[in-house]
Amino acid sequence: MIQIRNLHLSYGKSEILNIPSLDINTKKITALMGSNGSGKSTLIRVLSRLQSPDSGEISLWGENKPSLEMLRKICVLLPEPALLKRSVRENFKVILKSRNLLSEFEERTSEALALVGLDEKFLDKRHFELSSGQTQRIAFALALSLRVPFYLLDEPTNSVDIATSKLFSKAINLMHEKYGCGFVIASHDEKWLSMLANECVFLHKGRV
């Protein structure tokens with residue numbers, strides 16, 4: 001469970017977030033909806049600890065100051081992900097090694113690539129050989145390969161077509177059902193997201 005209390009964040013005189021109280025079930029698929037500028041991306045960054053609020057408390061699984069080990073149970077995917085300037089194989093090796101999962105390389109990469117509709121020949125491609133859509137797919141596959149308990153996805157279908165968006169939906173549902181992964185997903189594609197989510201949180205001018 002994520003518990004948000006009295007969260008405020010401003011840029012200069014512009015209020016970006018003002019959330020007195022919000023609870024998010026980390027075992028469910030939660031849609032984060034709202035128009036452009038409503039604060040969705042900022043909230044994702046705050047929840048992932050990539051950005052600090054001006055004030056307020058965010059409790060993650062009962063901890064106001066979660067340990068590094070607890071934060072490693074979260075994976076965040078930003079709208080324009082950047083891969084390491086190496087092959088896709090090396091990208092997978094680096095991320096899996098960081099979680100002591102390198103011994104499961106074959107099984108995890110095979111499953112993750114299949115979930116985003118790519119085959120294993122992509123492992124030998126360099127970062128500059130990938131289109132923006134393929135980069136988005138690989139970044140999502142990298143995240144899925146970790147099988148963490150909780151994912152924060154900001155515009156995961158950015159740069160991909162409708163068919164790939166449907167693949168991503170299936171992948172999220174499979175991860176939720178097979179591994180018990182929870183998700184908070186922000187997307188401009190409200191139709192796609194509303195069909196996928198168990199719960200919805202609407203933001204308007206930084207307020208729920």
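Everything quoted here is computed from the prediction, not taken from an experiment.

## Details of the pairing of strand β1 (residues 2-11)
Stage number 1. The pairing of β1 with strand β2 (residues 14-24) spans nine bridges and is classified as antiparallel. Residue Y11 lies in a different strand from β2, and its bridge partner there is S14.
Stage number 2. The hairpin formed by β1 and β2 contains two residues between the paired strands, and G12 there has a positive phi angle of roughly 60 degrees.
Stage number 3. As paired strands, β1 and strand β4 (residues 55-60) are joined by five bridges and run antiparallel to one another.

## Regarding helix α5 (residues 132-146)
Stage number 1. Between its terminal C-alpha atoms α5 stretches 22 Å, which fits the 21 Å expected from 15 residues at 1.5 Å a residue.
Stage number 2. A large share of α5 lies buried, amounting to 13 of its 15 residues.
Stage number 3. Once α5 finishes, R147 follows within two positions and takes phi at roughly 55 degrees, a positive value.

## Examining the packing of aromatic side chains
Stage number 1. In this structure the tally under the stated criterion is two aromatic pairs.
Stage number 2. Centroid distance F140 to F168: 4.5 Å. Interplanar angle 55 degrees. Geometry classified as tilted. Placement of F140 in helix α5 and of F168 in helix α6 (residues 162-179) is noted, with a sequence separation of 28 residues between them.
Stage number 3. By relative accessible area, F168 is classed as buried at 0%.
Stage number 4. Aromatic pair Y151 and F183: ring centres 5.0 Å apart, planes at 10 degrees, arrangement stacked. Taken together, the residues Y151 in strand β6 (residues 150-154) and F183 in strand β7 (residues 182-186) connect sequence positions 32 residues apart.

## As for the packing of α5 against α6
Stage number 1. In the contact formed by α5 and α6, the axes pass within 12 Å of each other and the chain directions differ by 5 degrees. Judged on the interaxial angle alone, α6 and α5 are roughly parallel. Packed against α5, whose contacting residues are Q136, R137, F140 and L144, the element α6 presents T164, L167, F168, A171, I172 and M175 at the interface.
Stage number 2. Its residues placed into classes, the contact of α5 with α6 shows seven nonpolar, two polar and one charged.

## Notes on the nonpolar core
Stage number 1. Within the largest apolar cluster, 42 residues are counted, with the highest numbers of intra-cluster contacts made by F92, I138, F140, Y151, I172, F183 and I185.
Stage number 2. Ranked by residues supplied to this core, first place goes to α5 with eight residues.
Stage number 3. Ranked by size, the runner-up nonpolar core spans 24 residues in total, among them L9, I44, I74 and V184.

## Focus: the side chain of N91
Stage number 1. Checked against the element boundaries, N91 lands in helix α3 (residues 88-98).
Stage number 2. For N91, a relative accessible area of 5% puts it in the buried group.
Stage number 3. Not counting residues up to four positions away in its chain, the partners in contact with N91 are L83, L84, R86 and L142.

## Observations concerning the pattern of salt bridges
Stage number 1. Within the structure shown, the criterion is met by eight salt bridges.
Stage number 2. Here K28 and E199 are joined by a salt bridge, their closest N and O atoms 3.1 Å apart. Of this pair, K28 sits in the loop between β2 and β3 (29-33) while E199 sits in strand β8 (residues 199-202), placing them 171 residues apart in sequence.
Stage number 3. Among the ionic pairs, R147 bridges to E111, the shortest N-O distance being 3.1 Å. Taken together, the residues span a long stretch of sequence, with R147 in the loop between α5 and β6 and E111 in helix α4 (residues 105-115) at a distance of 36 residues.
Stage number 4. Taking the relative accessible area as the measure of exposure, E111 reaches 14% and is therefore buried.
Stage number 5. A single salt-bridge network, built from bridges that share partners, covers E107, E111, R147 and K178.

About the criteria used
Residues numbered from 1 in each chain as written. Predicted model: local features only at pLDDT ≥ 70, side-chain atom pairs only at ≥ 80, totals over all residues. Heavy atoms only, no water. Pairing = 2+ DSSP bridges. Helix = DSSP H or I, 4+ residues; strand = E, 2+ residues; numbered from the N terminus. Expected span 1.5 Å × (residues − 1). Buried < 20%, exposed > 50% of the residue type's maximum accessible area, 1.4 Å probe, protein only. Phe/Tyr/Trp six-rings, centres within 6.5 Å; stacked < 30°, edge-to-face > 60°. Axes fitted to C-alpha atoms, helices over the stretch in contact; angles between N-to-C directions. Parallel < 35°, antiparallel > 145°, perpendicular 65-115°, else oblique. Contact = heavy atoms within 4.5 Å. Nonpolar A, V, L, I, M, F, W, Y, C, P; charged D, E, K, R; others polar. Core = buried A, V, L, I, M, F, W, Y, C linked by side-chain atoms within 4.5 Å. Salt bridge = Lys/Arg side-chain N within 4 Å of Asp/Glu carboxyl O.

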